[in-house]
Amino acid sequence: MISDLIKPHIQKLHPYQSARDIYKDVSGILLDANENSFGSVAGDSVSLMNLNRYPDPHQIKLRKALSDYIKVDAEKLFFGVGSDEIIDLLMRLFCSHGKDSVMIVEPTYGMYTTVANIQNIEINSVLLDENFGLNAGKVLTNVSASDRIIFVCSPNNPTGNLLEKNEISLIAEKFKGIVVVDEAYIDFADDDASAVSLINEYKNIVILRTFSKAWGLAAVRCGYAIADEVITSYLFKIKAPYSINVMTEQIILKALSKFEEKNKFVELIVKERDFLITELSKIVFVKNIFPSDANYILIKLDFAKEVQKMMMHRGVIIRDRSTQPLLEDCLRITVGTRAENIKMIEKMIEVCNEISGGQNA
Ligand SMILES: *Cc1c(COP(=O)(O)O)cnc(C)c1O
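Keep in mind it's a predicted model, so treat the numbers as computed, not measured.

1. Let's talk about the overall build of the chain
Alright, step 1. What the chain contains, in helices and strands, is 12 helices and 11 strands.
Alright, step 2. Its C-alpha atoms give the chain a radius of gyration of 22 Å, near enough to 21 Å, the size a compact globule of 361 residues would have.
Alright, step 3. In terms of overall dimensions, the chain has a C-alpha envelope of 75 × 55 × 35 Å along the principal axes.
Alright, step 4. Evaluated residue by residue, the chain yields a buried proportion of 52% over its 361 residues.
Alright, step 5. Of the roughly 17600 Å² of accessible surface on the chain, 53% is carried by carbon and sulfur atoms.
Alright, step 6. Separation of charge centres in the chain, based on 41 positive and 48 negative side chains, amounts to 3 Å.

In structure tokens, the structure reads:
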């Protein structure tokens, strides 16, 4: 039973009861939440209604709209203040300090480690293959008895590649804990690439997605989990009562109603990604351009650290990932607009020329 994996004191938890938990209908005279019935100070500057009322803690409209869009039951959906918040909540649900651990498949997104460190949860790391593929056998033989969650990221940040769905299902089948599949960049991959099709068969899989990347809504702070309803119902029990504010709700509803525009952004970004690959391949210092299913490209190049620093001093900021395991001399470049990409390539050539004394022209 999935609920047996929840920390015992959380299984017994009496969640905080907000006014809107006790009385859900908002059409009456609401004098139960100590709100300001007259209105809000920011009322006329924000074109949204009801800033004076607490937002819906049950995320009804959001879950319905997302359910219609991704064709997953609303009960299996949970919204967080960024998917980063959900990473934190999942670890709080399943991992006890001093007793449990998490497995992180490296090199990957740094937040899994940060959250584990904040909650003082032991980390058991295992490496992807040298071509950044996920090997279920390797992961499973390295699992320790105290591991409660395995974190994988597909497409993986910062390597850019999708992980094999077959390997993910093998892990979910054999592992007795939770398998988190972070799909922050799934919009940039092929339609059938998502592991979401596995959640009905494997109740221990949690998919994470975000509005911060393809949807262009990083400032809003909104992400979501897709998981068995037992898991989402526990997430609701431990979240802050009014975590998703009314402005976030309005903006995400609007975005979901215009999902074609997200698809247009994806098309543009994928085209720019191809442009960047072509241009980067002309630069002699660049030793490897790793295939990408995301909105960034990982490259391996000579003098990576110097190149990154010198480009930064010229106003083009790319990410040094060279200290992560398997990523010696690797930099991660986010796909920009055509103008930004041209500038970036220009500066990289300039810097490489400076380092090599002109041999990279
Ligand atoms: C950017 C990113 C996130 C963070 O998403 P938010 O919804 O902005 O918190 C999560 N996972 C990965 C792999 C990311 O790269």
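2. Notes on the domain arrangement of the chain
Alright, step 1. Here the chain is described as being made up of domain 1 (2-18 + 54-257) and domain 2 (261-356).
Alright, step 2. Between domain 1 and domain 2, the C-alpha centre-to-centre distance is 29 Å.
Alright, step 3. Residue-level contacts link 22 residues of domain 1 with 21 residues of domain 2.
Alright, step 4. Both sides of the domain 1 and domain 2 interface together cover about 1800 Å² of buried area, and 64% of this is carbon and sulfur.
Alright, step 5. Of all residues in domain 1, the largest losses of buried area upon contact with domain 2 belong to F132, P158 and F188, amounting jointly to 36% of the total for that side.
Alright, step 6. At the junction of domain 1 and domain 2, the tally comes to one salt bridge.
Alright, step 7. Notably, a salt bridge pairs K262 with D187, separated by 2.8 Å at the nearest N-O pair.
Alright, step 8. The interface formed by domain 1 and domain 2 holds eight residue pairs in polar contact (both at pLDDT 80 or more) in total.
Alright, step 9. Within the side of domain 1 that touches domain 2, the residues separate by chemical class into 13 nonpolar, six polar and three charged.

3. Here's the deal with the sheet that holds strand β9 (residues 296-301)
Alright, step 1. Ordered by their spatial adjacency, four strands build an open sheet running β8-β9-β11-β10, and the pairing between neighbours is antiparallel. Of all the strands in the sheet, just β8 (286-289) and β10 (319-320) have a single pairing partner and so form its edges.
Alright, step 2. Pairing analysis gives three bridges linking β8 to β9, with the strands arranged antiparallel. In the strand pairing of β9, V286 is matched with L301.
Alright, step 3. Helix-sheet contacts for helix α10 (residues 259-280) involve β8, β9 and β11 (330-334), and the interaxial angle to β9 is about 10°.

4. As for the environment of P158
Alright, step 1. Note on placement: P158 falls in the loop between β4 (147-153) and α7 (165-174).
Alright, step 2. P158 sits 100 residues away from H58 along the chain, and the two C-alpha atoms are 34 Å apart.
Alright, step 3. Those residues in contact with P158, other than ones at most four positions away along the chain, are P107, T108, Y296, L298, R321, Q324, L327 and R332.

5. Overview of the packing of aromatic side chains
Alright, step 1. For the coordinates displayed, the defined rule picks out 12 aromatic pairs.
Alright, step 2. A cation over an aromatic ring shows up here: K237 above the ring of Y234, its NZ or CZ 4.6 Å from the ring centre.
Alright, step 3. Here the guanidinium or amino end of R332 rests over the ring plane of Y296, the centre of that ring lying 5.7 Å away.

6. Digging into the site of the ligand
Alright, step 1. In the neighbourhood of the ligand, 13 residues make up the surrounding shell, with D182, Y185, T210, S212 and K213 lying closest.
Alright, step 2. The separation between an oxygen atom of the ligand and a polar main-chain atom of D84 is 3.0 Å.
Alright, step 3. Within the contact set of the ligand, an oxygen atom lies 2.9 Å away from a side-chain nitrogen or oxygen of N157.
Alright, step 4. In the complex, 94% of the free accessible area of the ligand, which totals 390 Å², lies under the protein chains.
Alright, step 5. When residues of the shell around the ligand are assigned to their parent elements, the largest contribution, three residues, is made by helix α4 (residues 82-94).
Alright, step 6. Looking at the shell around the ligand residue by residue, the classes come out as four nonpolar, five polar and four charged.

Rules used throughout
Residues numbered from 1 in each chain as written. Predicted model: local features only at pLDDT ≥ 70, side-chain atom pairs only at ≥ 80, totals over all residues. Heavy atoms only, no water. Helix = DSSP H or I, 4+ residues; strand = E, 2+ residues; numbered from the N terminus. Rg over C-alpha atoms; globule rule 2.2 N^0.38 Å. Buried < 20%, exposed > 50% of the residue type's maximum accessible area, 1.4 Å probe, protein only. Areas by Shrake-Rupley, 256 points an atom, 1.4 Å probe, with all protein chains shown as cover. Lys, Arg positive; Asp, Glu negative; His and termini not counted. Charge placed at Lys NZ, Arg CZ, Asp CG, Glu CD. Domains from an automatic or database assignment. Contact = heavy atoms within 4.5 Å. Buried area = accessible area lost by both parts, 1.4 Å probe. Salt bridge = Lys/Arg side-chain N within 4 Å of Asp/Glu carboxyl O. Polar contact = N/O pair within 3.5 Å; in protein donor to acceptor, adjacent residues only side chain to side chain. Nonpolar A, V, L, I, M, F, W, Y, C, P; charged D, E, K, R; others polar. Pairing = 2+ DSSP bridges. Axes fitted to C-alpha atoms, helices over the stretch in contact; angles between N-to-C directions. Phe/Tyr/Trp six-rings, centres within 6.5 Å; stacked < 30°, edge-to-face > 60°. Lys NZ or Arg CZ within 6 Å of the ring centre and 35° of its normal. Near = heavy atom within 4 Å.

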